[in-house]
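Here are the chains, one letter per residue:
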Amino acid sequence: MPPLVPKAQRSSGLPSRKFSPALIIPVLLTGLIAATVVITFSISFSGLVFTGPLAAHASTGVGLALLGTVILSVVIPCFSTYPGAIGGIISLPAIALGVIATSLASTVSSDQLLPTIFVSIMAAGLFTGLAMYLFGVFDLGKIGQYVPYPVIGGFIAGLGIILVKNSLSFGLSADFSLARIASLDAGGIRFLLSNRDLLLISLVALVGIWIWTAERARSSRYNIPLILAAVTSGFWVIAWHFGITPEELREGGWLLGPFPEGRFWTPSQNFAALANADWYALFWEIPKIPVVMLLVLIPALMDASSLELAVKQDIDPNREIKVAGAGNILCGLAGGFLGAASFSATSMVARARVPYRMVGLVSAVCCGLVFFFGAEAISYLPKFPIAGLLFYIGIEFMREWLYSSYGKVSKVDYATILTVFFVVIVFGFMEGFFVGLILGFIFFVLTYSSLPVIRYATTGAYQFSNVEYPEQDRNYLKSVGERTVIFKLQGFIFFGTARRLLDRVRAKMKAAELPPLDYLLLDFKLVDGLDSSAMVNFQKIVQYAEAGGFVFVLSHCSPELTTRFAKHGIRNADSQNVELFPDMDRALEWAEQKQIAARDAEGPARRGGGGSLKDLFSSAAVYDALLSYCETCTFSSGDFLVRQGEEANDIFLVQEGEVSVYLEVADSSRIRLRKYLAGTVVGEVAMLLGIRRTASVIAGTTMTAYRLSRAAMARMKTERPEIVVEFEEALLKMTAARLQDGNRLLRELAD
């Protein structure tokens, strides 16, 4: 296996200050407290797997839970982004493993049951760990964050009721059944009253309510350990007062165990389990393993995001997933439960202000001592306080997602939460998960279909290309602009949104109050992609174009999108009614020039020769007087009239041909800002403001222009000031016209 993280990064998370002897005591105390937290949860979570018919193997479950905790308590503190991270097992995958174990218990013989469950835990750890590690390697750490929020909420709420059930059945003398209790028949009542079950259920609920009340009154990392310690101490005080011996309590099923002497686990058990497992029964449980993966991946990613706020330090999700994945691979090899960084224990380390990896190692040593040598001590722990903790977690899951989420999420999301919750209760764990995914997909499609695929819609009467036309040409384009429809698209286009786009096009075609459509321009700059069903709708638009006699213009299509259009016959060499352009500006320019050419073909040309510029003056004599101060210049295509950054010493009046304004950017490339035709003026802004050129002006064709220099302008101010006044008024009119066009477009888009 390659290194988890580069060597240089492994030390990057350490505090800048050096470790000093003065920190030994707080580090040891914090490590002990962290170990108490993760050990408590480890013992609790073991009951999620080994419960009901598997309760006889509870000691094995405790050992496997502690084993996973020991491994994760070593791996995560050593390699996590945050040096104070504490590793531990987590509840959600334990619940999933419990479902697998319960299913196996109904199909596997008693002598093969424990080895088969052990192998299922190994397989889940290996596959989950490998998947998590690869997610981090291929920078997929964020993918788990795309699971629909209400689906996860309903699923966790359903897990909450499972937790409550498991907490009530943890350690009971018979299999606990909610249906059996709810029946309230004589058998169910006798079941409650027999032995110590009713008392145990009451104690479990009381412990859970006590923890819940304490957390609601004042949330603290010490609440759970102190309450469990108080309940355990009180239990033994009462037992001592009434003279009840540990052996009597153990025989009555009040204590954990019986535990095997010495260690909980030895390596030889792995090989024995592989040989004795029921592989056929295990094969049918394989589809549930991806759920286990998801239930480890999502909490790990969510905890990584939460830790960033808790510890006030950036957390790399890909690195955390790799670290947790490596730890779970080791857990799988050893047969331990799955987990990741413990949010509660890690937050406690952050609040204690001892973010050192040594804290995690102290916690790991404590867990290891309990695992290897603490079986006898653990056997004196009563069951009901641990079950009470499970009861509290289950109630909290349901409170958070069924009560607190109401009003915070939309009605659709809350309905999804409730649906998934009831499916989990009525039909089961797997059914609820997949129903949630299906609901999430359906609501996503419905919601996304309602989003506007058209970012904005306008016409050629309001939006123009960056071509500076003479005034009479621009007025003509405004008059025929309604015949050009412009749609700027956005998002991912699929069958739902594409159909809405097709309906908009059809409505434009059939609107009796609008002139006939000549050009339909679609801009794909903000489009993320489209599916095959969307292509069918674009093919229909092509058919409309052929039947209606308008041109379907596509702009800003990516190479991939262009290729797909060609494959679907939307754009090819034989297309007469489809055009493709690199951007909307050039598409608009093409449509505008087509409209002007069609006008000129019907009658004498009314453009060129500087006529439009002459119309801005009071008389032709004034215009001719202005030209007397200019010199005539001829440029070839590609020649510079103006260079960006130069002193602005002249203005050019374009007589024939065309020029383009380009912004020179840092990588030596150019961005076209505007195009000027005959009868327009360029370079006036920089010269009148007295600043350097902000862009370059380059001849697009062989052209002729009148050049008015700064010196000639100064001389004209002295000799013919009235011409200067009219010239500046003409420039002001041109600028005002551009501003007016921009305002018209803004008003159109605002409507």
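Residues numbered from 1 in each chain as written. Predicted model: local features only at pLDDT ≥ 70, side-chain atom pairs only at ≥ 80, totals over all residues. Heavy atoms only, no water.

1. Details of the sheet that holds strand β6 (residues 519–530)
Thought 1: The mixed open sheet is built from five strands, whose spatial order is β3-β5-β6-β7-β8. Among the strands making up the open sheet, the edge pair consists of β3 (454–459) and β8 (578–581). On average, adjacent strands in this sheet sit at an angle of 20° to one another, irrespective of strand direction.
Thought 2: Bridge count between β3 and strand β5 (residues 484–493): five bridges; the pairing is antiparallel. (Pairing = 2+ DSSP bridges. Helix = DSSP H or I, 4+ residues; strand = E, 2+ residues; numbered from the N terminus. Axes fitted to C-alpha atoms, helices over the stretch in contact; angles between N-to-C directions.)

2. A few points about the pairing of β6
Within a regular strand, side chains alternate between the sheet's two faces.
Thought 1: When you tally the buried positions in β6, you get nine out of 12 residues, the bulk of the element.
Thought 2: Pairing analysis gives nine bridges linking β5 to β6, with the strands arranged parallel. Among the inter-strand pairings, Thr484 is bridged to a residue of β6, identified as Tyr519.
Thought 3: The parallel pair β5 and β6, bridged by helix α23 (residues 495–510), forms a crossover whose chirality is right-handed.
Thought 4: Looking at chain direction, β6 and strand β7 (residues 551–555) are connected through five bridges and run parallel. Its bridge partner lying in β7, Tyr519 is registered against Val551.
Thought 5: Handedness of the crossover is the feature at issue here: the chain leaves β6, passes through helix α24 (residues 532–548), returns alongside β7, and the resulting connection is right-handed. (Buried < 20%, exposed > 50% of the residue type's maximum accessible area, 1.4 Å probe, protein only. Right-handed = clockwise from strand over helix to strand, strands pointing away.)

3. Some details on a nonpolar patch on the surface
Thought 1: A surface patch of nonpolar side chains, amounting to about 450 Å² of accessible area, comprises Leu130, Leu134, Val137, Phe138 and Leu140.
Thought 2: With respect to the helices, strands and loops of the structure, Leu134 is situated in helix α5 (residues 110–137). (Patch = residues over 30% accessible without salt bridge, like charges linked within 9 Å, V, L, I, M, F, W, Y side chains within 5 Å. Areas by Shrake-Rupley, 256 points an atom, 1.4 Å probe, with all protein chains shown as cover. Salt bridge = Lys/Arg side-chain N within 4 Å of Asp/Glu carboxyl O.)

4. Describing unusual backbone geometry
Thought 1: In this structure, His556 is a non-glycine residue whose phi angle is positive, near 60°.
Thought 2: In this fold, His556 is placed in the loop between β7 and α25 (559–567).

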